[in-house]
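Structural overview
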Amino acid sequence: MTTLLFTHPACLEHDPGRGHPESPDRLRAVLAALAAPEFARLERREAPLAALDDIGRVHPRAFAERLLAAVPQAGHAGIDADTVMSPGSGEAALRASGAVVAAVDAVVAGEADNAFCAVRPPGHHAEPLRPMGFCLFNSVAIGALRAREAHGLARVAVVDFDVHHGNGTQARFADDPTLFYASTHQYPLYPGTGAASETGVGNIVNVPLPPRAGSQQFRLGMTRTVLPALEQFRPELVLISAGFDAHKSDPLAQLQLDEADFTWATEQILAVAQAHARGRVVSTLEGGYDLRALGASAAAHVRVLMSV
Ligand code: ZN
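To start, this report covers the structure provided alongside it. (Residues numbered from 1 in each chain as written. Predicted model: local features only at pLDDT ≥ 70, side-chain atom pairs only at ≥ 80, totals over all residues. Heavy atoms only, no water.)

1. Details of the coordination of the zinc ion
Note the cut-off: Each metal site lists N, O and S donors within 2.8 Å (3.2 Å for Na, K and Ca). With water left out of the atoms, a site can look as if it is missing ligands. Square planar and octahedral assignments, for four and six donors respectively, both demand that opposite donors be over 155 degrees apart and that all other angles lie between 65 and 115; tetrahedral needs four donors with all angles between 85 and 135 degrees, and anything else is irregular. Each helix corresponds to a stretch of at least 4 residues labelled H or I by DSSP, and each strand to a stretch of at least 2 residues labelled E; elements are numbered beginning at the N terminus. Residue exposure (1.4 Å probe, protein chains only): buried if accessible area is under 20% of the type maximum, exposed if over 50%, otherwise partly exposed.
Bound to the zinc ion are the protein donor atoms Asp162 (OD), Asp162 (OD), His164 (ND1) and Asp245 (OD), situated 2.0 to 2.8 Å from the metal. Between the four donor atoms coordinating the zinc ion, the angles at the centre fall across 52 to 154°, so the site counts as irregular. The motif formed by the donor residues of the zinc ion, counted along the single chain, is D-x1-H-x80-D. In this pair, Asp162 sits in the loop between strand S6 (156-160) and helix H6 (167-173) while Asp245 sits in the loop between strand S9 (237-242) and helix H8 (259-276), placing the two residues 83 residues apart along the sequence. Asp162 gets classed as buried once you look at its relative accessible area, which sits at 1%. Residue class for Asp245 comes out buried when judged on its relative accessible area of 0%.

2. Topic: the environment of Leu230
Stated formally: Should any heavy atoms of two residues lie within 4.5 Å, those residues are considered in contact.
Checked against the element boundaries, Leu230 lands in helix H7 (residues 215-233). Here Leu230 falls in the buried class, since its relative accessible area comes to 0%. Beyond its immediate stretch of four places on either side in the chain, Leu230 contacts Ala157, Val159, Phe180, Pro235 and Val272.

3. As for the pairing of S9
Where we set the bar: Should DSSP find at least two bridges between two strands, the strands are taken to pair. With strands facing away from the observer, any crossover in which the path from the first strand over the helix to the second runs clockwise is taken as right-handed.
Within S9, six of the six residues are buried, leaving the element largely enclosed by the surrounding structure. Going residue by residue along S9, you find Leu237, Leu239 and Ser241 tucked away on one face and Val238, Ile240 and Ala242 tucked away on the opposite face as well. Note that S6 and S9 share five bridges and pair parallel. Bridged to Asp160 within S9 is Ser241. Pairing between S9 and strand S10 (residues 281-285): five bridges, direction parallel. From the neighbouring strand, Ala242 faces S10, where its bridge partner is Leu285. The parallel pair S9 and S10, bridged by H8, forms a crossover whose chirality is right-handed.

4. Brief notes about the pattern of salt bridges
Which entries qualify depends on this criterion: A pair is scored as a salt bridge if a Lys or Arg side-chain nitrogen falls within 4 Å of a carboxyl oxygen belonging to Asp or Glu.
For the structure on display, the rule yields 18 salt bridges. Arg28 serves as the salt-bridge partner of Asp25, at 2.8 Å between the closest nitrogen and oxygen. One end of the pair is Asp25 and the other is Arg28, both in helix H1 (residues 24-33) and three residues apart, which spans about a single turn. Asp25 sits in the partly exposed class, given a relative accessible area of 37%. Between Glu236 and Arg155 there is a salt bridge, with the nearest N and O atoms lying 3.9 Å from each other. Note that Glu236 is positioned in the loop between H7 and S9 and Arg155 in the loop between helix H5 (139-151) and S6, a separation of 81 residues in sequence. For Arg155, a relative accessible area of 21% gives the class partly exposed.

5. What about the pairing of strand S8 (residues 204-209)?
Buried residues dominate S8, accounting for five of its six residues. Note that strand S7 (residues 179-186) and S8 share six bridges and pair parallel. Each residue of the ladder has a partner; that of Thr184, found in S8, is Val207.

6. Points about the environment of Leu252
On the secondary structure map, Leu252 appears in the loop between S9 and H8. Put simply, Leu252 and Asp162 are 90 residues apart on the chain and 11 Å apart in space, counted from C-alpha to C-alpha. In contact with Leu252, other than residues within four places in its own chain, are Pro21, Phe134, His164, Leu189 and Tyr289.

The following block contains the structure:
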């Protein structure tokens with residue numbers, strides 16, 4: 001069947017400044033990898049702007065409006081030491097979240113089996129009241145709430161294999177038993193959350209991995225902890241926070257995964273989605289800072305999405 005690819009040139013116009021790891025070249029690397037002939041049958045769609053009503057299910061509307069009003073006309077505006085806005089950042093953030101919303105709409109409507117959103121800035125560190133960690137709006141959480149509130153899905157899951165813990169997604173989900181969040185991540189590492197003891201209302205699953213952990217520990221954590229919990233939750237839709245910075249080549253962390261691990265993880269998540277969620281999966285780019293590894297890993301991930 002069909003895999004959708006949502007992206008938008010505006011996502012290249014968010015520029016956190018020279019030397020910042022979350023550079024526009026990251027998205028260029030992903031799109032270059034997905035320009036290979038094997039990806040020609042991806043159905044490509046332009047990411048729309050997210051509506052403030054959709055963002056508002058995660059970030060209070062006044063907060064979102066304040067953040068967009070703080071986008072500079074020229075130069076840069078710093079939110080924290082890591083999180084910086086340029087004149088293009090507002091549209092990029094709205095397109096990134098809009099991509100996930102549109103992907104959820106299309107997949108729930110049965111227009112495609114699954115979708116990948118090649119967008120930036122990333123989102124999983126953005127808490128309801130605090131943009132941080134390169135993230136402005138929490139696109140994956142906005143997509144999950146769209147699925148629940150606009151489409152009436154009873155249970156929506158996010159699986160996050162970015163090397164960093166998605167503190168923002170956890171913060172929004174932690175007291176809501178209709179939402180589920182599972183994360184594998186290096187620990188300790190930025191942002192400092194994600195201990196195994198953080199379980200929400202029984203709907204949060206954290207698998208911290210020590211620095212230099214590799215394929216075996218990652219796959220054990222998925223097999224023993226993440227996947228059984230996801231099965232038990234019986235999601236009607238699975239979203240993936242697809243960060244590829246757990247790759248062994250990544251400069252920001254020390255896990256030792258490679259493309260084959262991302263292929264395997266994607267296959268496992270899809271299998272649960274096929275058992276419980278009619279195969280419905282919406283994946284969104286989060287981190288990944290070695291350009292070659294990022295392109296190859298995103299390609300490996302999308303190849304699996306297209307294989308169903
Ligand atoms: Zn990350």
